[in-house]
Amino acid sequence: MLQPVTRRIAQDVLDGGPITRTFEKGSRHDRIAQAMGIAIRDIDSGAAAVLPAVWLIVRRADGRILGDLGTHGPPDSQGCVEIGYSLAPSARGQGSGTAAVAAFVGRLAAVPGNRRLTAVTGVQNTASRRLLEHQGFQFTGPIPGTDDVLYILSLS
């Protein structure tokens, strides 16, 4: 299930509080602090009023946090939003990421003005590439100067 990151949750993660004990091993990646900072920024500015920017992927059976997903900022002038996601290694290959991204895409598609989603993943990250393609994202090609590729999903 998806759980929106509240200010309290974000601060607890940043402070190493009790919530951090519910993260599945490997789900607290090296950019989790940045994600929690974005959540706090958007909550404090009011930008999260329409749709929170950061969400946790939580396993219903035991409440363990398997990963996170969110947007990399508000829509640009053409209604384009970049998404990103991360999943604990132990949770991969079980459909959790696919279900979470599908639910998130559905939420983003329901926001007026969002016309297109983009996602960037590693050229060698076959599982992520398959996940995006399964959700209807179209491969657009490599990103020059990187080992990443770009995918786009039209919402209109």
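Residues numbered from 1 in each chain as written. Predicted model: local features only at pLDDT ≥ 70, side-chain atom pairs only at ≥ 80, totals over all residues. Heavy atoms only, no water.

## So, the overall build of the protein chain
Looking only at helices and strands, the protein chain features four helices and seven strands. Sequence-ordered secondary structure for the protein chain, helices as α and strands as β, is β-α-α-β-β-β-α-β-α-β-β. By the compact-globule yardstick of 15 Å for 156 residues, the protein chain fits well, its C-alpha radius of gyration being 15 Å. Viewed in the frame of its principal axes, the protein chain has a C-alpha envelope of about 40 × 35 × 30 Å. Counting over 156 residues, the protein chain shows a buried share of 42%. Long-range contacts, defined as pairs at least 24 residues apart, comprise 57% of the intrachain contacts of the protein chain with a sequence gap of at least 6. Surface accessibility of the protein chain: about 8400 Å² in total, with carbon and sulfur atoms responsible for 52%. Charge-centre separation for the protein chain: the mean point of 16 positive side chains lies 5 Å from the mean point of 13 negative side chains. (Helix = DSSP H or I, 4+ residues; strand = E, 2+ residues; numbered from the N terminus. Rg over C-alpha atoms; globule rule 2.2 N^0.38 Å. Buried < 20%, exposed > 50% of the residue type's maximum accessible area, 1.4 Å probe, protein only. Contact = heavy atoms within 4.5 Å. Areas by Shrake-Rupley, 256 points an atom, 1.4 Å probe, with all protein chains shown as cover. Lys, Arg positive; Asp, Glu negative; His and termini not counted. Charge placed at Lys NZ, Arg CZ, Asp CG, Glu CD.)

## Some remarks on the confidence of the model for the protein chain
When pLDDT is averaged across the protein chain, the result is 94; 100% of the residues are at 70 or more. Per-element mean pLDDT across the protein chain ranges from 92 in helix 2 (residues 32–45) up to 98 in strand 7 (residues 148–154). (pLDDT = per-residue confidence, 0-100.)

## Notes on the side chain of Thr-118
By secondary structure assignment, the location of Thr-118 is in strand 5 (residues 116–122). Contact partners of Thr-118, with chain neighbours within four places excluded, come to Cys-80, Val-81, Glu-82, Ile-83, Phe-137, Leu-150, Tyr-151 and Ile-152.

## Things to note about the packing of aromatic side chains
Aromatic ring pairs: the centre-centre distance and the angle between the two ring planes describe each pair. The full count for this structure, using the stated rule, is two aromatic pairs. Against the face of Phe-23 rests Arg-28, its NZ or CZ located 5.9 Å from the ring centre. (Phe/Tyr/Trp six-rings, centres within 6.5 Å; stacked < 30°, edge-to-face > 60°. Lys NZ or Arg CZ within 6 Å of the ring centre and 35° of its normal.)

## Observations regarding helix 3 (residues 96–109)
Taking 1.5 Å per residue as the helical rise, helix 3 with its 14 residues ought to reach 20 Å, and the 20 Å between its terminal C-alpha atoms agrees with that figure. Looking at helix 3, one finds that the buried residues are Gly-97, Ala-100, Val-101, Phe-104, Val-105 and Leu-108. The arc that holds every buried residue of helix 3, seen down its axis, measures 130 degrees, which confines them to one face. (Expected span 1.5 Å × (residues − 1). Arc of directions from axis to C-beta.)

## Remarks on the pattern of salt bridges
Opposite charge on two side chains permits pairing when their charged atoms draw close. Applying the stated criterion to the full structure yields five salt bridges. With a closest N to O distance of 3.0 Å, Arg-59 and Asp-62 form a salt bridge. When its relative accessible area of 28% is taken as the criterion, Arg-59 is described as partly exposed. The class of Asp-62 is partly exposed, set by a relative accessible area of 43%. (Salt bridge = Lys/Arg side-chain N within 4 Å of Asp/Glu carboxyl O.)

## Thoughts on the environment of Asp-148
Tracing the sequence through the fold places Asp-148 in strand 7. On the basis of relative accessibility, which here comes to 29%, the residue Asp-148 falls in the partly exposed class. Considering only alpha carbons, one finds Asp-148 and Val-120, 28 residues apart in sequence, at a separation of 6.4 Å. Setting aside residues up to four positions removed in sequence, Asp-148 forms contacts with Val-120, Thr-121, Gly-122, Val-123, Pro-142 and Ile-143.

## Topic: the nonpolar core
Counting residues in hydrophobic clusters, the biggest one holds 24 residues, and the most contacted among them are Leu-2, Ile-57, Leu-69, Ile-83, Phe-104, Leu-117 and Phe-137. When contributions to this core are tallied by element, the ones reaching two or more residues are strand 2 (54–58), strand 3 (65–71), strand 4 (80–87), helix 3, strand 5, helix 4 (126–134) and strand 7. The dominant element in this core, judged by the number of residues it contributes, is helix 3, at five residues. If we ignore the near neighbours within four places in the chain, the residues touching Phe-104 are Leu-2, Trp-55, Leu-69, Gly-70, Thr-71 and Ile-83. Judged by nonpolar contacts, the second largest core, of 17 residues, contains Ala-10, Phe-23, Ile-32 and Ile-38. (Core = buried A, V, L, I, M, F, W, Y, C linked by side-chain atoms within 4.5 Å.)

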